[in-house]
Amino acid sequence: MNPQAKLLSAMSLLLGTTITISSNHWMMAWAGLEINTLSILPLISKSHHPRAIEAATKYFLVQATASALLLFSSMTNAWYTGQWDITQLTHPVSCLLLTTAISIKLGLVPFHFWFPEVLQGTPLTTGLLLATIMKFPPITLFLLTSPSLNPTLLTFMAIASAALGGWAGLNQTQTRKILAFSSISHLGWMTVVLLYNPKLTLITFYLYCLMTIPIFLTLNTTKTLKLATMSTAWTKIPSLTATLMLMLLSLAGLPPLTGFLPKWLIIQELTKQEMTPTATIITLLSLLGLFFYLRLAYCATITLPPNSINHMKQWQTSKSTNMIITIFITTSTMLLPLSPMILTIP
């Protein structure tokens, strides 16, 4: 891909995200989401492979539908209340339409079908953008409108997302699809606490990004796209593959790693809100996710291929990649002792 075109797409992506998260008018938020959608499409389809073109087409159609629903929701609210302010969403039909639109954009159950397919058709670096920065503007809109949303509907969708994210990931052999279902499961955890503690939803999203980025970068460095090749990845960069196990266990939420912090805080908040059954159900559903994270960790570090592989051990990659991955590995595994400081994030 032309470097100028790649730079233009990246700058447009940052611009669209900034416009959406800083706006208080529905039209500006909608414009930012549209800029985001149009700027990521060249990055999805840059390989010109049929799967990439299919992924770009699916992504465009789904996001265009969600944007149209969001615009219709804001116009309905403006028609009945005369308000275009994002925080003044009060009409019940508008709230329902907005919940649907944002759920489609995020990939929450039952609007999740597009996300694993699109992620499977994209390169790992673009998949990283889809799983992290592209979810930030919709989550911001969820946070701004959270007092008006239906708690029963959100709780149902959150539990369904945690269940399906764990259940559907069990039988996958493609690493990108496994990470897609992992993202759906984590979105369920973020959504379940959205109405009761929006700040905690944002902290969970930040920590999810910190844990997901090094996994995508590691898989991209070792060129691992499926479980069969993961078992031979240790021959390329042994030290990086060894730390991949820690990152996967952190994403699963095992103490004393970083990933335990958001789950711990969310369970604590749900118990405070007298939602102990919901906390119990979503905690038990996270065991499904733990199984496929352990499966990935097992394939990455414990299995040995039956035949010798003719690879030179690549103990060093480029210095810039090394530095970025090292920083993210540290944050994705060692932030639990800093939890009192993390809770002060505004």
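Small disclaimer: the values here were computed from a predicted structure and weren't measured.

The next subject is the layout of surface pockets. Roughly 380 Å³ of volume is contained in the largest pocket. Considering the residues around the largest pocket, the lining is formed by 17 residues, among which L13, T125, L128, L129 and I133 are closest to the centre. Listed by contribution, the elements that provide at least two residues to the lining of the largest pocket are α1 (3–22), α6 (124–131) and α10 (198–221). Tallied by class, the residues present in the lining of the largest pocket amount to 12 nonpolar, three polar and two charged. Both domains that meet at the lining of the largest pocket, namely domain 1 (1–139) and domain 2 (150–307 + 315–345), each give it at least three residues.

Next up on the list: a nonpolar patch on the surface. A surface patch of nonpolar side chains, about 310 Å² in accessible area, is lined by L7, M11 and L14. By secondary structure assignment, the location of M11 is in helix α1. According to the relative accessible area criterion, M11 is partly exposed, its value standing at 49%.

Right, let's get into the packing of helix α8 (residues 151–169) against helix α9 (residues 175–192). Packing of α8 against α9 brings their axes to within 7 Å, and their N-to-C directions diverge by 155°. When the axis of α8 is compared with that of α9, the two are roughly antiparallel. Where α8 crosses over α9, the handedness of that crossing is left-handed. When α8 is examined against α9, the residues L154, T155, A158, S161, A162, L164, G165, G166, A168 and G169 are found in contact with a partner set consisting of I178, F181, I184, S185, G188, T191 and V192. Residues of the contact of α8 with α9, tallied by class, amount to nine nonpolar, eight polar and no charged.

Taken as a whole and assessed by the stated rule, the structure comprises three salt bridges. A salt bridge links K58 to E54; the shortest N-O distance between them is 2.9 Å. In this pair, K58 and E54 are both assigned in helix α3 (residues 50–81), four residues apart and thus about one turn of the helix distant. Residues E117 and K58 are paired through a salt bridge, measuring 4.0 Å at the closest nitrogen-oxygen approach. Of this pair, E117 sits in helix α5 (residues 114–120) while K58 sits in helix α3, and the two are 59 residues apart along the sequence. Here E117 falls in the partly exposed class, since its relative accessible area comes to 29%. By sharing partners, the salt bridges in this structure join E54, K58, E117 and K177 into a single network.

Our focus in this paragraph is the UniProt feature "signal peptide" (unreviewed entry) in the protein chain. According to UniProt, the positions carrying the feature "signal peptide" (unreviewed entry) are residues 1–23. Annotation note: span residues 1–23, helix share 87%, strand share 0%, distance between end C-alpha atoms 32 Å.

Mapped onto the secondary structure, S23 falls in the loop between α1 and α2 (26–44). A distance of 3.1 Å separates the side chain of S23 from the backbone oxygen of T20, its partner in a polar contact. A polar contact of 3.5 Å, which involves the side chain of S23, links it to the backbone nitrogen of A29. If we ignore the near neighbours within four places in the chain, the residues touching S23 are M28, A29, I86 and L144.

Moving on, we get to the packing of aromatic side chains. In this structure the tally under the stated criterion is six aromatic pairs. Relative to Y293, the ring of F292 has its centre 4.9 Å away and its plane inclined at 50°; by these criteria the two rings are tilted. In terms of burial, F292 and Y293 fall into one category: buried. The ring of F115 is capped by K135, whose NZ or CZ atom sits 3.9 Å from the centre of that ring.

Bringing the UniProt feature "transmembrane region" (unreviewed entry) in the protein chain into the picture now. Per the UniProt entry, the sites bearing "transmembrane region" (unreviewed entry) are residues 59–79, 91–115, 152–171, 178–196, 202–219, 240–261, 281–304 and 324–345 in this numbering. In this annotation, residues 178–196 is assigned 79% helix and 0% strand; the end-to-end C-alpha distance for the span is 29 Å. Measuring from the first to the last C-alpha atom of residues 240–261 gives 24 Å, for a span that is 68% helix and 0% strand.

Cis geometry is adopted by the peptide bond preceding P110, which originates at V109 and carries an omega value of 10°. Position of P110 among the secondary structure elements: in the loop between α4 (92–106) and α5. Residue P255 is joined to P256 through a cis peptide bond whose omega torsion reads 5°. At H48, a residue that is not glycine, the phi angle is positive and equals roughly 60°. By secondary structure assignment, the location of H48 is in the loop between α2 and α3. Overall, the relative accessible area of 65% leaves H48 in the exposed class.

In this section: the nonpolar core. Judged by nonpolar contacts, the single largest core of 78 residues is most densely connected at Y59 and L130. Top element by residues in this core is α10. It accounts for 10 residues. The residue makeup of this core includes at least three contributed by each of domain 1 (1–139) and domain 2 (150–307 + 315–345). Apart from the residues lying within four places of it in its own chain, the contact partners of Y59 are T37, I40, L41, I44, W114, V118, L130 and M134. Counting 21 residues, the second largest nonpolar core, distinct from the first, contains L261, I266, M275 and L285.

Conventions used here
- Residues numbered from 1 in each chain as written.
- Predicted model: local features only at pLDDT ≥ 70, side-chain atom pairs only at ≥ 80, totals over all residues.
- Heavy atoms only, no water.
- 1 Å grid on protein atoms, 1.4 Å probe; cavity = no way out; pocket = protein on both sides within 12 Å on 5 of 7 lines; lining within 4 Å.
- Points joined across faces, edges and corners; volume = space filled by probe spheres on them.
- Helix = DSSP H or I, 4+ residues; strand = E, 2+ residues; numbered from the N terminus.
- Nonpolar A, V, L, I, M, F, W, Y, C, P; charged D, E, K, R; others polar.
- Domains from an automatic or database assignment.
- Patch = residues over 30% accessible without salt bridge, like charges linked within 9 Å, V, L, I, M, F, W, Y side chains within 5 Å.
- Areas by Shrake-Rupley, 256 points an atom, 1.4 Å probe, with all protein chains shown as cover.
- Salt bridge = Lys/Arg side-chain N within 4 Å of Asp/Glu carboxyl O.
- Buried < 20%, exposed > 50% of the residue type's maximum accessible area, 1.4 Å probe, protein only.
- Axes fitted to C-alpha atoms, helices over the stretch in contact; angles between N-to-C directions.
- Parallel < 35°, antiparallel > 145°, perpendicular 65-115°, else oblique.
- Left-handed = near helix turned anticlockwise from the far one by under 90°.
- Contact = heavy atoms within 4.5 Å.
- UniProt positions renumbered as here; feature names shortened; annotations may be inferred.
- Polar contact = N/O pair within 3.5 Å; in protein donor to acceptor, adjacent residues only side chain to side chain.
- Phe/Tyr/Trp six-rings, centres within 6.5 Å; stacked < 30°, edge-to-face > 60°.
- Lys NZ or Arg CZ within 6 Å of the ring centre and 35° of its normal.
- Core = buried A, V, L, I, M, F, W, Y, C linked by side-chain atoms within 4.5 Å.

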